[in-house]
Amino acid sequence: MIMRLIFYYCIHLYRIKDLFIIYWFRKFHENSSLSDDRLLNEWQFVCVSEKMNVSVDRVKGVVQYWMYIVPLDIIYLIRYRNVVEFIRSLPTNQWVILSDYPAEAKANALGLHGARCFSASSSYINSLKPNPKGVLYILNKYSIKTTECLLIGDRDEKDGRCARNAGIDYLMLSSNYIKRMHQIELLREA
């Protein structure tokens, strides 16, 4: 992804400000803790717009393209293959995807078609992990008990804290391939 950004902006130097738009969007996204009725994405777009002195439409366009569209053709190549294969082996009613970013297109790009997907920026969740609101919404929607749920993630400061805040079990996937394979094998046996 970084190579695409560098290549594009070396050719399009006049749009170099876009890199800072992406940077600040990610920064606001990572540090967001909304506690009012503002919509998460709209709030972030406005914050970046004000910070960069550009229109909200420009921020939306840059973020849509570089964060939601371009990564889709790369995501399959960098996936945790054994994790995706494990998820595919489960009946579709036994797993749900919750992402801080739009999830459905990512799930389809990973070959997880028909997945039940939820995004933190949806109006009915409107909060990022580690806030447990998204997990609790899903548990309530599908009448799942906290004791019947396992959150699988890769960032303890977001996913792990979210699971702890929701009172559910969790597994943080190792970035080490061998350890991750072992984790998935243990899940298969469970």
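Residues numbered from 1 in each chain as written. Predicted model: local features only at pLDDT ≥ 70, side-chain atom pairs only at ≥ 80, totals over all residues. Heavy atoms only, no water.

Colleague: So what exactly am I meant to see when it comes to helix H10 (residues 177-189) here?
Modeller: Note that an α-helix has 3.6 residues per turn; residues three or four places apart therefore point the same way. Here H10 spans 19 Å end to end across 13 residues, near enough to the 18 Å set by a 1.5 Å rise per residue. Of the positions making up H10, those classed as buried are Arg180, Gln183, Ile184 and Leu187. Down the axis of H10, the buried side of the element spans an arc of 95°, and every buried residue falls inside it. The exposed residues of H10 that point more than 90 degrees off its buried face are Ile178, Lys179 and Glu189. Backbone nitrogen of Ile178 and a side-chain oxygen of the N-cap are separated by 3.0 Å at the start of H10; the cap is Asn176. (Helix = DSSP H or I, 4+ residues; strand = E, 2+ residues; numbered from the N terminus. Expected span 1.5 Å × (residues − 1). Buried < 20%, exposed > 50% of the residue type's maximum accessible area, 1.4 Å probe, protein only. Arc of directions from axis to C-beta. Polar contact = N/O pair within 3.5 Å; in protein donor to acceptor, adjacent residues only side chain to side chain.)

Colleague: I keep staring at the packing of aromatic side chains and nothing clicks. Help me out?
Modeller: We describe a pair of aromatic rings using the distance from one ring centre to the other and the angle between the two ring planes. Applying the stated criterion across every chain, the model contains 10 aromatic pairs. With a centroid separation of 5.0 Å and 80° between ring planes, the pair formed by Tyr23 and Trp24 is classed as edge-to-face. Judged by relative accessible area, which is 43%, Tyr23 ranks as partly exposed. For Lys51, the ring lying beneath its charged end belongs to Trp24, and the centroid distance is 4.2 Å. The lysine or arginine in question, Arg116, covers the ring of Tyr142, its NZ or CZ lying 4.3 Å from the ring centre. (Phe/Tyr/Trp six-rings, centres within 6.5 Å; stacked < 30°, edge-to-face > 60°. Lys NZ or Arg CZ within 6 Å of the ring centre and 35° of its normal.)

Colleague: Honestly, the side chain of Asp159 in this entry has me stumped. Any pointers?
Modeller: With respect to the element layout, Asp159 can be found in helix H9 (residues 156-166). With relative accessibility at 7%, the residue Asp159 sits in the buried group. Only 2.9 Å separates the side chain of Asp159 from the side chain of Lys129, close enough to count as a polar contact. Residues within four places of Asp159 in sequence aside, it is in contact with Lys129, Leu151, Gly153, Asp154 and Met172. (Contact = heavy atoms within 4.5 Å.)

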